[in-house]
Protein chains: 2
Amino acid sequence: MVYDLWYWTGIPGRGEFVRLALEAAGLPYRDRAREKNGEDAMLRDMRAHPQFPPFAPPYLVAGDLVIAQTANILLYLGEQHGLAPDDVAGRLWVNQLQLTIADMVTEAHDTHHPVASGLYYEDQQEEAQRRADDFRNARMPKFLGYFDAILAARGEWLAGGKRWTYADLSLFGLVDGLLYAFPKRMATLARQYPHVFALHERIAALAELQDYQRSDRRVAYGDGIFRHYRELDAA
Amino acid sequence: MVYDLWYWTGIPGRGEFVRLALEAAGLPYRDRAREKNGEDAMLRDMRAHPQFPPFAPPYLVAGDLVIAQTANILLYLGEQHGLAPDDVAGRLWVNQLQLTIADMVTEAHDTHHPVASGLYYEDQQEEAQRRADDFRNARMPKFLGYFDAILAARGEWLAGGKRWTYADLSLFGLVDGLLYAFPKRMATLARQYPHVFALHERIAALAELQDYQRSDRRVAYGDGIFRHYRELDAA
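Residues numbered from 1 in each chain as written. Chains lettered and ligands numbered in written order. Predicted model: local features only at pLDDT ≥ 70, side-chain atom pairs only at ≥ 80, totals over all residues.

Trainee: Can you help me understand the overall build of chain A in this one?
Mentor: A count of helices and strands for chain A gives nine helices and four strands. From first element to last, N terminus to C terminus, chain A shows the α and β order β-α-β-α-β-β-α-α-α-α-α-α-α. What you see for chain A is a C-alpha radius of gyration of 18 Å, in line with the 18 Å of a compact globule of 235 residues. Taken along the three principal axes of its C-alpha coordinates, chain A extends 45 × 45 × 30 Å. Expressed as a percentage of the 235 residues in chain A, the buried residues total 46%. (Helix = DSSP H or I, 4+ residues; strand = E, 2+ residues; numbered from the N terminus. Rg over C-alpha atoms; globule rule 2.2 N^0.38 Å. Buried ≥ 20, exposed ≤ 12 C-beta atoms within 10 Å, placed from the backbone.)

Trainee: Help me understand the sheet that holds strand 3 (residues 59–62) of chain B in this model?
Mentor: What links the strands of a sheet is backbone hydrogen bonding, and the strands pair in either a parallel or an antiparallel sense. All names here are of chain B. On the basis of which strands lie adjacent, the open sheet formed by four strands has the order 2-1-3-4 and mixed pairing. Bordering the open sheet on either side are strand 2 (29–31) and strand 4 (65–68), each of which pairs with just one other strand. When strand polarity is set aside, the average angle formed by the axes of neighbouring strands in this sheet is 20°. As judged from the three bridges shared by strand 1 (residues 3–6) and strand 2, these two strands associate in the parallel manner. (Pairing = 2+ DSSP bridges. Axes fitted to C-alpha atoms, helices over the stretch in contact; angles between N-to-C directions.)

Trainee: Explain the relation of the copies chain A and chain B to me, please; I cannot follow it from the model alone.
Mentor: What relates the two chain copies is a rotation about an axis together with a slide along it. Take chain A, turn it by 180°, move it 0.0 Å along the axis, and it overlays chain B with an RMSD of 0.0 Å. Within this description, the copies of the chain are treated as partners about a two-fold rotation axis. In this assembly the copies share their binding face: 100% of the residues contributing to the interface of chain A also contribute to that of chain B. (Least-squares fit on C-alpha atoms with pLDDT ≥ 70 in both. Contact = placed C-beta atoms within 7 Å.)

Trainee: Would you mind going over the environment of Gly-78 of chain A with me for this structure?
Mentor: Residue and element names in this part refer to chain A. Position of Gly-78 relative to the elements: it lies in helix 3 (residues 70–81). Among the residues examined, Gly-78 registers 24 C-beta atoms within 10 Å and is labelled buried. If we skip the residues at most four places from it in the chain, Gly-78 touches Leu-83, Ala-84, Val-94 and Tyr-166.

Trainee: Quick question: what am I supposed to make of the interface of chain A and chain B here?
Mentor: Many descriptions give the size of an interface as the accessible area lost when the pieces come together. Taken together, the 32 residues of chain A in the interface contact 32 residues of chain B. Contributions of two or more residues to the side of chain A that touches chain B are made by strand 4 (65–68), helix 3, helix 4 (88–112) and helix 5 (125–154) of chain A.

Trainee: How should I be thinking about the nonpolar core in this particular structure?
Mentor: In summary, soluble globular proteins display a tendency toward joint burial of nonpolar side chains. Formed by 141 residues in total, the largest nonpolar core has its most connected members in Ala-21 of chain A together with Ala-21 of chain B. In contact with Ala-21 of chain A, not counting residues within four places along its chain, are Leu-74, Leu-77, Leu-83, Tyr-166 and Leu-169 of chain A. (Core = buried A, V, L, I, M, F, W, Y, C linked by C-beta atoms within 7 Å.)

Trainee: Any chance you could explain the domain arrangement of chain A here in plain terms?
Mentor: Residue and element names in this part refer to chain A. Domain boundaries assigned for chain A yield domain 1 (3–81) and domain 2 (88–206). The C-alpha centroid of domain 2 is placed 22 Å from the C-alpha centroid of domain 1. Looking at the side of domain 1 that touches domain 2, the elements with two or more residues in it are helix 1 (15–24) and helix 3. The dominant element in the side of domain 1 that touches domain 2, judged by the number of residues it contributes, is helix 3, at six residues. (Domains from an automatic or database assignment.)

Trainee: Would you mind going over unusual backbone geometry with me for this structure?
Mentor: All names here are of chain A. With an omega dihedral of 0°, the bond running from Pro-57 to Pro-58 counts as a cis peptide bond. Here Pro-58 lies in the loop between helix 2 (38–46) and strand 3 (59–62). Within the chain, Asn-37 stands out as a residue other than glycine whose phi angle is a positive 55°. Residue position: Asn-37 is located in the loop between strand 2 (29–31) and helix 2.

Trainee: Whenever I open this one, the sheet that holds strand 2 of chain A confuses me. Can you help?
Mentor: Residue and element names in this part refer to chain A. A sheet is described by the order of its strands in space; here four strands give the open sequence 2-1-3-4, paired in mixed fashion. Two strands close off the open sheet at either side, each with one partner strand: strand 2 and strand 4. Direction aside, neighbouring strands of the sheet carry axes that sit 20° apart on average. As paired strands, strand 3 and strand 4 are joined by four bridges and run antiparallel to one another.

Encoded structure:
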């Protein structure tokens with residue numbers, strides 16, 4: 001089966017977490033909205049599944065299945081393709097980690113859009129300054145410290161074992177986005193949470209992801225979830 | 001097995017979504033942090049699971065399993081006790097709905113804490129005013145309209161069929177919290193999204209939940225995720 005991934009073009013965003021799993025697992029897929037007139041097609045396609053409507057992209061069409069919510073898509077891919085342990089404890093653990101990663105992704109987004117997604121950054125810049133200060137000083141250490149302690153206890157991968165899971169790929173995606181958005185702050189935190197940064201390096205070096213990272217299938221950062229505003233960053 | 005639920009005392013919060021599932025399914029559980037010295041015990045207990053540490057409450061201890069993240073707990077309870085369809089499509093659909101409900105819960109919280117969870121409301125009241133305006137005018141119609149269309153298409157319950165799933169219980173919990181926090185706005189939206197409000201009535205009337213709703217096992221609203229500030233509400 002060839003999967004159809006639908007996500008906004010022009011930003012890695014939450015679609016990137018699905019792409020990383022599809023690419024690292026070597027699964028065939030089409031990135032549908034990135035085809036010609038793709039975003040128009042996506043808006044039409046979203047209305048074409050009245051029984052399983054997505055609330056928002058990303059969503060994955062897998063034969064008769066229409067699956068939305070990033071963590072839900074990854075739960076499905078994990079089960080279908082062995083990208084997470086298959087015992088109950090391991091499967092729930094990886095889903096739990098993915099949901100915690102998703103929470104931090106949302107908070108990273110809200111640093112530049114603390115008032116409304118529908119408004120420009122410039123129209124909420126003062127609020128963004130306050131929220132970003134709190135994110136850098138309170139939330140980044142709390143989240144990254146949490147993942148660091150897990151890796152310190154379990155070894156190379158978040159679920160232990162000898163192979164990455166989709167949560168490891170997603171932690172890579174999260175750290176990668178934070179490195180783009182908050183380079184000064186991340187340089188400080190790299191010294192405090194070395195296991196998290198080592199995992200980022202380990203995933204970046206995976207043989208399975210070399211072709212992807214050099215390809216134009218990978219979307220560049222821009223005005224998406226992870227944005228770099230110099231005024232929102234600090235050591 | 002008797003489940004151990006751990007969650008902050010004094011607010012319904014995210015623990016309430018787990019409680020509703022445990023209560024409606026008639027599953028024996030202890031609400032551990034609500035016992036004597038319970039919050040101190042919870043902070044100790046959270047450090048006592050180095051292999052599966054929760055990032056934050058709520059979490060459920062089920063024999064050897066330690067399960068955190070509300071949607072993950074409900075996924076587990078749904079599978080163990082038939083609180084969601086057991087085919088792949090239905091199971092993923094209910095998880096997807098739960099994650100969308102969780103997104104709206106987070107946004108409801110952020111109306112009164114748009115800058116930082118660690119600060120008082122009074123220290124972010126101006127920002128809260130702007131964020132609550134957007135939540136009421138843009139986000140509430142978008143989310144409630146989404147759930148309303150699903151119920152209009154599928155009938156009494158979000159996954160169709162003749163019985164509630166845990167996502168129906170959670171949509172009840174969400175609507176109930178919004179009715180407490182934004183009574184004026186919800187009075188307007190009740191006319192536009194009648195299916196969502198009918199589901200709230202239907203769950204409130206479930207025989208399985210009558211004893212719970214009258215008991216002190218149900219926590220009253222207060223300074224939690226769903227808060228009522230008159231200045232943040234409007235028709």
